[in-house]
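As a plain string of letters, each chain reads:
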Amino acid sequence: MWSCITDFFTYETTKSVVVKSWTIGIINRVVQLLIITYFIGWVFLHEKAYQVRDTAIESSVMTKVKGFGIYNNKVMDVADYVTPTQGASVFCVITKLITTENQVQGHCPESEMKYRCTHDSNCTKYLNKPGGYGVPTGRCVRFNDTMKTCQIRGWCPAEIDYIKTEPMMEVENFTIFIKNSIRFPLFNYTKGNFLPTITSTYIKTCNFDMVNNTYCPIFRVGDVVRYAQQNFSILAHKGGVIGIKIGWMCDLDKAEDQCNPSYSFTRLDAMSQNNVVSPGYNFRFAKYYKMDNGTDYRTLVKAYAIRFDVLVNGNAGKFNMIPTLINMVAAFTSVGVGTVLCDIILLNFLKGAEQYKAKKFEEVSDAELDTNSKGLYRSQLSVRHDVKLSSDSGAFSLAQYS
């Protein structure tokens, strides 16, 4: 117990031992050089650790689609094929329609083949369960001249959604206009994707491309699909979701004209294109009307569409003394890793490790200090003739010989 107490109340101080060894010297300088290179090249220059960064970007997006297409011998304009109509950051361009007209409330046979039947007993199992397009009644009724299906109560006639139709291929040449404004609240910095170099004349003629018109805010649908590495024909048939990503990576220590948007494109529902159960993207909506006698009827539309999601991300950085000092201190502290590594090698792997241990670690007790209180304290360890004392106070120079 007394030994534990005396060991606890001890004090350790540093002692300098100069080791004159080419091996250790080279290792020490190489490690220090690597650490300094890392902090200067990666931390300060690449990552800009001297800056305070704002990642809480605030953004607003307004969109507008233009173009005319022909579908079922009808001219389609923006009001026909774009939904929703508010011009938000998420919108759909309809490419294909399956229409069921003049639906009224009543009783009619199911149109899905899994509801085929021969007797009412085949349909009773669907009672109290949601049917394909209505509420099952449990009766087996005539669907056409060759088969019967279970009866439902709902909007009749039931939708037949497996009819093959061709998409509106003119969509490929439609254009999407995107107006984006952003703000970094930490720096109260605002900007938009309409750069000072963009004029009204330029807007009327430009289309975005990755080489010559990187800041044009007008995008051709076919180009967006191609940049997302997708096939327009397949996408028009089945539908899908395309992401238009706007990135704002701004260094506010530079001139304002250096903070510009960058555009990239990707397929957001890439997993669904390989899904056999529900490939692509589609949705339903209805247009409601009223007969002269007051009866409601509707036109049901199943729409296949390309959905566009405009996604905005980014961050801004500006010089600040606090992160600069923190990273400088971290850099200077990390240089000491070279000393730790060299100590491990000296104490365990090199010839003369015991001699180095004897010079690095030395115990001094109170009794020894009292004995030598009248003069300078001298170590009880002998210094051999091949060990030279350094001229520095408290530092040994240890030379290793092979």
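Residues numbered from 1 in each chain as written. Predicted model: local features only at pLDDT ≥ 70, side-chain atom pairs only at ≥ 80, totals over all residues. Heavy atoms only, no water.

K.L.:
How should the overall build of the chain be read in this particular structure?
P.N.:
If you tally the helices and strands in the chain, you get 10 helices and 19 strands. Considering the chain as a whole, with its 402 residues, one finds that 37% of them fall into the buried category. Sequence separation of 24 or more characterises 69% of the internal contacts of the chain that already satisfy a separation of 6 or more. Carbon and sulfur atoms make up 56% of the accessible area of the chain, which totals about 25300 Å². (Helix = DSSP H or I, 4+ residues; strand = E, 2+ residues; numbered from the N terminus. Buried < 20%, exposed > 50% of the residue type's maximum accessible area, 1.4 Å probe, protein only. Contact = heavy atoms within 4.5 Å. Areas by Shrake-Rupley, 256 points an atom, 1.4 Å probe, with all protein chains shown as cover.)

K.L.:
I keep staring at the packing of helix α2 (residues 22-46) against helix α8 (residues 337-348) and nothing clicks. Help me out?
P.N.:
The angle between the axes and the distance between the axes are what describe a pair of packed helices. The geometry of α2 relative to α8 is characterised by a closest axis approach of 8 Å and an angle of 150° between their N-to-C directions. Between α2 and α8, the interaxial angle falls into the category roughly antiparallel. α2 and α8 meet at a crossing whose hand is right-handed. Packed against α2, whose contacting residues are Ile-24, Ile-27, Asn-28, Val-31 and Ile-35, the element α8 presents Val-337, Gly-338, Thr-339, Leu-341, Cys-342, Ile-345 and Leu-346 at the interface. Looking at the contact of α2 with α8 residue by residue, the classes come out as 9 nonpolar, 3 polar and no charged. (Axes fitted to C-alpha atoms, helices over the stretch in contact; angles between N-to-C directions. Parallel < 35°, antiparallel > 145°, perpendicular 65-115°, else oblique. Left-handed = near helix turned anticlockwise from the far one by under 90°. Nonpolar A, V, L, I, M, F, W, Y, C, P; charged D, E, K, R; others polar.)

K.L.:
Before we go on, may I ask you to explain the nonpolar core in this structure?
P.N.:
Generally speaking, nonpolar side chains in soluble globular proteins are found buried as a group. If you look at the biggest cluster of nonpolar residues, it comprises 46 residues, and the most contacted ones within it are Tyr-81 and Phe-308. Looking at which element gives the most residues to this core, the answer is strand β17 (residues 296-319), with 7 residues. Not counting residues up to four positions away in its chain, the partners in contact with Phe-308 are Ser-89, Val-90, Phe-91, Val-93, Ile-176, Val-221, Val-224, Ile-242 and Ile-244. (Core = buried A, V, L, I, M, F, W, Y, C linked by side-chain atoms within 4.5 Å.)

K.L.:
It is not clear to me how the pairing of strand β15 (residues 261-267) should be interpreted in this structure. Could you clarify?
P.N.:
Remark: a regular strand shows side chains that alternate across the two faces of the sheet. In β15, alternate side chains face the same way, and those of Pro-261, Tyr-263, Phe-265 and Arg-267 are buried while those of Ser-262, Ser-264 and Thr-266 on the opposite face are not. Looking at chain direction, strand β14 (residues 240-251) and β15 are connected through 7 bridges and run antiparallel. Residue pairing across strands places Gly-243 opposite Thr-266, the latter belonging to β15. (Pairing = 2+ DSSP bridges.)

K.L.:
Help me understand the pattern of salt bridges, please; the structure alone is not making it clear to me.
P.N.:
Where charged atoms from two side chains of opposite charge come close, those side chains can pair. In total, this model carries 10 salt bridges according to the counting rule given. Close ionic contact of Asp-223 with Arg-220 constitutes a salt bridge, the shortest N to O distance being 3.0 Å. Asp-223 gets classed as buried once you look at its relative accessible area, which sits at 13%. Looking at Arg-220, the relative accessible area reads 21%, which means it is partly exposed. Linked by salt bridges that have partners in common, Glu-159, Asp-161, Arg-284 and Lys-302 make up one network. (Salt bridge = Lys/Arg side-chain N within 4 Å of Asp/Glu carboxyl O.)

K.L.:
I would appreciate a short explanation of the environment of Gly-69 in the present structure.
P.N.:
The residue Gly-69 is located in strand β4 (residues 69-71) in this model. Residue Gly-69 is classed as buried on the basis of its relative accessible area of 2%. Residues Gly-69 and Asn-173, 104 residues apart in the sequence, show an inter-C-alpha distance of 9.3 Å. Excluding anything up to four places from it in sequence, Gly-69 contacts Lys-74, Val-75, Met-76, Met-168, Glu-170 and Phe-174.

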